[in-house]
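Listed here are the chains, written in short residue letters.
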Amino acid sequence: MKKLSIVLIVKISVTILLWGLPLLIFPVQVFQALGFPELDPLVFIKLLGMAYLALVVGYWFGLQEVRRNKYPDATVWVGIVSNGGAAIILAVYGFSNAWQNWGTFAQIFMWMSMVATAGITGGLIMFGVLGSR
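Quick caveat, the model's predicted, so the values are computed rather than measured.

### Quick look at the overall build of the chain
Part 1: A tally of helices and strands in the chain yields five helices and zero strands.
Part 2: Counted from the first residue to the last, the chain has its helices and strands arranged as α-α-α-α-α.
Part 3: Here the chain has a C-alpha radius of gyration of 16 Å; the compact-globule value for 133 residues is 14 Å, and the two agree.
Part 4: When its C-alpha atoms are laid out on the principal axes, the chain stretches across 45 × 30 × 20 Å.
Part 5: By the burial criterion, 38% of the 133 residues in the chain qualify as buried.
Part 6: Sequence-distant contacts in the chain: of pairs separated by 6 or more residues, those separated by 24 or more amount to 70%.
Part 7: Put simply, the chain shows about 7700 Å² of open surface, and 71% of that area lies on carbon and sulfur atoms.
Part 8: For the chain, the distance from the average position of its 8 positive side-chain charges to the average position of its 4 negative side-chain charges is 17 Å.

Shown next, in the form of structure tokens:
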């Protein structure tokens, strides 16, 4: 289950550093400077950041289970649904050019988020559902 631990550590790190904390603590001017469109109303962005950090709590508990040689069923399935769903949504919007008028950094960030969520989903399936039992 060592590979599942690595997937969970990557997921926790990426979620905190790239999605959760920035949405909670960055002022709207930072997002605008990075090329994202106006975020309004801001309360929904802050709620999303908090929801991401709440997911991190679940991933953390799942990681602790893996370290005790227990398979974290709920954590793996929540991860597959949340990351797989995010990857699909990002792909649909990306391939329909939804962010073509955004700044370069913002566009790259969104595409990389799609790749990251798809990769995490794949890791959870390969090293979780298919590999850890």
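### Brief notes about helix α1 (residues 2–25)
Part 1: The terminal C-alpha atoms of α1, which comprises 24 residues, lie 33 Å apart, in line with the 34 Å expected from a rise of 1.5 Å per residue.
Part 2: Those residues of α1 that fall on the buried side of the exposure criterion are L4, S5, V7, L8, K11, I12, V14, T15, W19, G20, P22 and L23.
Part 3: Turning to α1, the residues buried within the fold contact α2 (28–33), α3 (42–67), α4 (73–95) and α5 (104–129).

### Here we look at the packing of α1 against α3
Helices that pack against each other are described as a pair by the angle of their axes relative to one another and the distance between those axes.
Part 1: At a minimum axis distance of 8 Å, the contact between α1 and α3 shows a crossing angle of 160°. Overall, the two elements α1 and α3 adopt an arrangement that is roughly antiparallel. With respect to the hand of their crossing, α1 and α3 are arranged in left-handed fashion.
Part 2: Grouping the amino acids of the contact of α1 with α3 by side-chain chemistry returns 20 nonpolar, five polar and three charged.

### Topic: the packing of aromatic side chains
Two measures describe an aromatic ring pair: the distance that separates the ring centres and the angle between the ring planes.
Part 1: Scanning all chains against the criterion turns up nine aromatic pairs.
Part 2: Measuring from ring centre to ring centre gives 5.7 Å for W99 and W111, while their planes differ by 80°; the resulting arrangement is edge-to-face. Of the two residues, W99 is situated in the loop between α4 and α5 and W111 in helix α5; the sequence distance between them amounts to twelve residues.
Part 3: For W99, a relative accessible area of 5% translates into the label buried.

Conventions we followed
Residues numbered from 1 in each chain as written. Predicted model: local features only at pLDDT ≥ 70, side-chain atom pairs only at ≥ 80, totals over all residues. Heavy atoms only, no water. Helix = DSSP H or I, 4+ residues; strand = E, 2+ residues; numbered from the N terminus. Rg over C-alpha atoms; globule rule 2.2 N^0.38 Å. Buried < 20%, exposed > 50% of the residue type's maximum accessible area, 1.4 Å probe, protein only. Contact = heavy atoms within 4.5 Å. Areas by Shrake-Rupley, 256 points an atom, 1.4 Å probe, with all protein chains shown as cover. Lys, Arg positive; Asp, Glu negative; His and termini not counted. Charge placed at Lys NZ, Arg CZ, Asp CG, Glu CD. Expected span 1.5 Å × (residues − 1). Axes fitted to C-alpha atoms, helices over the stretch in contact; angles between N-to-C directions. Parallel < 35°, antiparallel > 145°, perpendicular 65-115°, else oblique. Left-handed = near helix turned anticlockwise from the far one by under 90°. Nonpolar A, V, L, I, M, F, W, Y, C, P; charged D, E, K, R; others polar. Phe/Tyr/Trp six-rings, centres within 6.5 Å; stacked < 30°, edge-to-face > 60°.

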